[in-house]
Amino acid sequence: MSVDHAQHPEIRETARPPTLRLALAREGPAAVVVRVGGPLDLATVDQLVDLVDRLMGGAPAPVLVLDLSGVTFFCAAGVNALLTVRRRVASAGCTLVVREPSRITVKVLDIVGLKDEFTTE
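These figures come from a predicted structure and were not determined experimentally.

Rules used throughout
- Residues numbered from 1 in each chain as written.
- Predicted model: local features only at pLDDT ≥ 70, side-chain atom pairs only at ≥ 80, totals over all residues.
- Heavy atoms only, no water.
- Pairing = 2+ DSSP bridges.
- Helix = DSSP H or I, 4+ residues; strand = E, 2+ residues; numbered from the N terminus.
- Axes fitted to C-alpha atoms, helices over the stretch in contact; angles between N-to-C directions.
- Contact = heavy atoms within 4.5 Å.

Read from one edge to the other, the open sheet built from four strands follows the order β1-β2-β3-β4, with strand pairing classed as mixed. Each end of this open sheet is capped by a strand with a single partner; those strands are β1 (21-27) and β4 (95-99). Averaged over all adjacent pairs, the angle separating strand axes in this sheet is 20°, with direction ignored. Looking at chain direction, strand β2 (residues 31-40) and strand β3 (residues 63-74) are connected through nine bridges and run parallel. What sits directly across from Val33, in β3, is Val65. Lying on the sheet, helix α1 (residues 45-56) is in contact with β1, β2 and β3; it crosses β2 at an angle near 170°.

This part covers the environment of Thr84. Among the structural elements, Thr84 can be located in helix α2 (residues 76-91). Measuring from C-alpha to C-alpha, the distance between Thr84 and Val52 comes to 9.6 Å, with 32 residues separating the pair along the chain.

Dropping the structure here:
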């Protein structure tokens, strides 16, 4: 075995899926807040969209707040997810508010020309 092929026991490759953290909170009688933390990318966006679909089923709160302050990575998949969420919230007759988007989220939305397309606080 050559030196190039020798394995180093202290170096192990592990593939861990990205972790998206979603937390729900009520904010008064009219709003539900979804706190999003971690990467919002191709591997994780379905979790957010699925949660919003469940929240919009039945009798949803009039306002859905997405707190994006904890988003650490944001790409085209995240943009598409936000557009999908906005469409589904509007279809349910509710209002979507984006709260404190992280710097990367703001930057990407600005690059694609959607920075001013969401109601933010």
